[in-house]
Amino acid sequence: MNGRAVYFDQAATSWPKPPAVIQAVNQALIQFGGNPGHGGHRMAMRAAQQVFRTREEAAHFFGAEPENVIFTASCTHALNVALKGIMEVRGGHLLASMYDHNASLRPAAALALKGVCTVGFFPVYEGEPQRTLSAFKEMLRPDTRCVVCTHASNVTGAVLPVREIYEICRKEGIVFILDAAQTAGVLPVSLRDADIICTTGHKSLLGIQGSGMMILRPGLRLSTLMEGGTGIRSLERDMPEDSPERFEAGTLGLPGIMALGAGMREVRRVGLQRIYRNEMAIADRFYRGLQHIPGVRVVNRGFKMGEYVPVVSFCIGDRDGGTVSEQLSAQGFMLRGGYHCAGMIHDLLGTRDTGTVRFACGRGAAPGQVDALLKVVKKISAGG
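Remember, it's a predicted structure, so these values are computed and weren't measured experimentally.

**Some details on the side chain of Thr183**
- Tracing the chain through its elements places Thr183 in the loop between strand S6 (175-179) and strand S7 (196-200).
- Of note is the side chain of Thr183, whose polar atom sits 2.9 Å from the side chain of His151.
- Not counting the four nearest positions on each side in its chain, Thr183 is found in contact with His151, Ala152, Val189 and Val309.

**Overview of the nonpolar core**
- Judged by nonpolar contacts, the single largest core of 96 residues is most densely connected at Phe62, Phe176, Met213, Leu290, Phe314, Leu328 and Phe359.
- Contacts of Leu290, omitting those with residues within four sequence positions, involve Val296, Val298, Val312, Phe314, Leu374 and Val377.
- Judged by nonpolar contacts, the second largest core, of 28 residues, contains Ala96, Ala103, Ala108 and Val148.

**Thoughts on the side chain of His202**
- Take His202: it is sitting in the loop between S7 and strand S8 (212-216).
- A distance of 3.5 Å separates the side chain of His202 from the backbone oxygen of Ala12, its partner in a polar contact.
- One polar contact links His202 to Thr13, side chain to side chain, over a distance of 2.7 Å.
- For His202, the contacting residues outside a window of four places in its chain are Ala12, Thr13, Ser14, Lys17, Gly207, Ile208, Gln209 and Ser211.

**Comments concerning the pattern of salt bridges**
- In the structure shown here, the tally under the stated rule is 16 salt bridges.
- Between Arg170 and Glu167 there is a salt bridge, with the nearest N and O atoms lying 2.8 Å from each other. Of the two residues, Arg170 and Glu167 both sit in helix H6 (residues 162-172), three residues apart, roughly one turn of that helix.
- Looking at Glu167, the relative accessible area reads 31%, which means it is partly exposed.
- Between Asp371 and Arg285 there is a salt bridge, and its shortest N-O distance comes to 2.9 Å. With Asp371 in helix H11 (residues 367-381) and Arg285 in helix H8 (residues 272-290), the pair connects residues that are 86 residues apart, well separated along the chain.
- Taking the relative accessible area as the measure of exposure, Asp371 reaches 30% and is therefore partly exposed.
- For Arg285, a relative accessible area of 39% translates into the label partly exposed.
- Ionic contacts of the salt-bridge type, sharing partners, join the residues Glu57, Arg265 and Arg268 into one network.

**A look at the sheet that holds strand S5 (residues 144-150)**
- Taken together, the seven strands give an open sheet; going across it, the order is S2-S8-S7-S6-S5-S3-S4, and neighbouring strands pair in mixed fashion. On the outer flanks of this sheet lie strand S2 (69-72) and strand S4 (118-122), each paired with one strand and no other. In this sheet, neighbouring strand axes are inclined to one another by 20° on average, regardless of whether the strands run parallel or antiparallel.
- In this structure, S2 lies alongside S8, joined through four bridges in antiparallel fashion. Each residue of the ladder has a partner; that of Phe71, found in S8, is Met213.

**Details of the packing of aromatic side chains**
- One pass over the structure, following the stated rule, counts nine aromatic pairs.
- Measuring from ring centre to ring centre gives 5.1 Å for Phe122 and Phe136, while their planes differ by 70°; the resulting arrangement is edge-to-face. With Phe122 in strand S4 and Phe136 in helix H5 (residues 129-139), the pair connects residues that are 14 residues apart, well separated along the chain. Of the two residues, Phe122 and Phe136, neither departs from the other in class, the shared state being buried.
- With centroids separated by 5.9 Å and ring planes inclined at 25°, the aromatic side chains of Tyr166 and Phe176 adopt a geometry described as stacked. You can see Tyr166 sitting in helix H6 and its partner Phe176 sitting in strand S6, a full ten residues away along the chain.
- Overall, Tyr166 belongs to the buried group, its relative accessible area being 3%.
- Of the residues examined, Phe176 reaches a relative accessible area of 0% and is grouped as buried.
- Of the aromatic side chains, those joined through ring pairs into one cluster are Phe8, Phe286, Phe314 and Phe359.

**A look at the layout of surface pockets**
- The space that makes up the largest pocket amounts to roughly 410 Å³.
- Looking at the largest pocket, it is lined by 28 residues, and the ones nearest its centre are Ile275, Glu279, Gly362, Arg363 and Gly364.
- Among the secondary structure elements, those contributing two or more residues to the lining of the largest pocket are helix H7 (254-270) and H8.
- The element best represented in the lining of the largest pocket is H8, accounting for five residues.

The rules behind the values
Residues numbered from 1 in each chain as written. Predicted model: local features only at pLDDT ≥ 70, side-chain atom pairs only at ≥ 80, totals over all residues. Heavy atoms only, no water. Helix = DSSP H or I, 4+ residues; strand = E, 2+ residues; numbered from the N terminus. Polar contact = N/O pair within 3.5 Å; in protein donor to acceptor, adjacent residues only side chain to side chain. Contact = heavy atoms within 4.5 Å. Core = buried A, V, L, I, M, F, W, Y, C linked by side-chain atoms within 4.5 Å. Buried < 20%, exposed > 50% of the residue type's maximum accessible area, 1.4 Å probe, protein only. Salt bridge = Lys/Arg side-chain N within 4 Å of Asp/Glu carboxyl O. Pairing = 2+ DSSP bridges. Axes fitted to C-alpha atoms, helices over the stretch in contact; angles between N-to-C directions. Phe/Tyr/Trp six-rings, centres within 6.5 Å; stacked < 30°, edge-to-face > 60°. 1 Å grid on protein atoms, 1.4 Å probe; cavity = no way out; pocket = protein on both sides within 12 Å on 5 of 7 lines; lining within 4 Å. Points joined across faces, edges and corners; volume = space filled by probe spheres on them.

From the geometry alone we can't say anything about function, so treat these as descriptive.
This is the structure we're talking about:
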């Protein structure tokens, strides 16, 4: 590949970033140096205006009110705020999907270990949404107070029937938390899909690492994960009751927030349908090409439009996924190998011993890059 890296690890973080995102980071550091919301002088006020501009952008993007857009350091941070905030108020039973990321599985385990709640996990059947919904309903209990579910798997890209799950939760008075890390910026996501949306800023929303959001339905009561300065009511020892200040203790990461705003504007400019269609076409080319390589097992159970996001996982025999990823990297292709921080899905996929190699494309990916990658996969599978 003439020494140039071909990047197919967009499910981990998007790269390269749009020029507008890079410009926003530079503007935050050069033009808006004040502490947003912490002071009445001109620089602090100008920084606060930029934060509010992104809050409005996110509110429009997710169908929320600006005051219910909470900026976090990551999707993991947002999920911790949401899960612990809900369960420490409600207690009872928490239900998660077996396709979830450790960003929700580990906070759930920590809550159970502390005796805050009990935890259960429902299986997911790719391509069989009704079977998944039946399994979900069977796992519900009278004391189930909250459900957390990934919108799409970061291992196989399978889209879960989240809107149907949310409808069940609404009828039962159960809070539904949606992990949209793999879908925000690729598929439509709004508060019609969940009570709380948690997402990252640095994947398909095109922002930078260290940014994320929690989007709340109005009227939800959550305890706080962190306490500290908010720039308002400083003489009071308790955190403010009002959102967003209640959940944004400390100095906000202005460069990440401004970059996230620029990323969302870029996504809206290009259009979700166009982004999804283009990226799925590239991923489908890779998915189909893998079918013809001896020794390769594609982990995805299918790859239909609307049922997957552009993520494909595969194994080469019984080889360790991390080792295969290193071999691909040596040939100039950046794919992630291993378990992808998703602890339980590998029991369902039968990949606990090897993990998988994950292909995830984004903007700028070209068919010729896919064809070149397939040739290298074929060579590795043949022992080369």
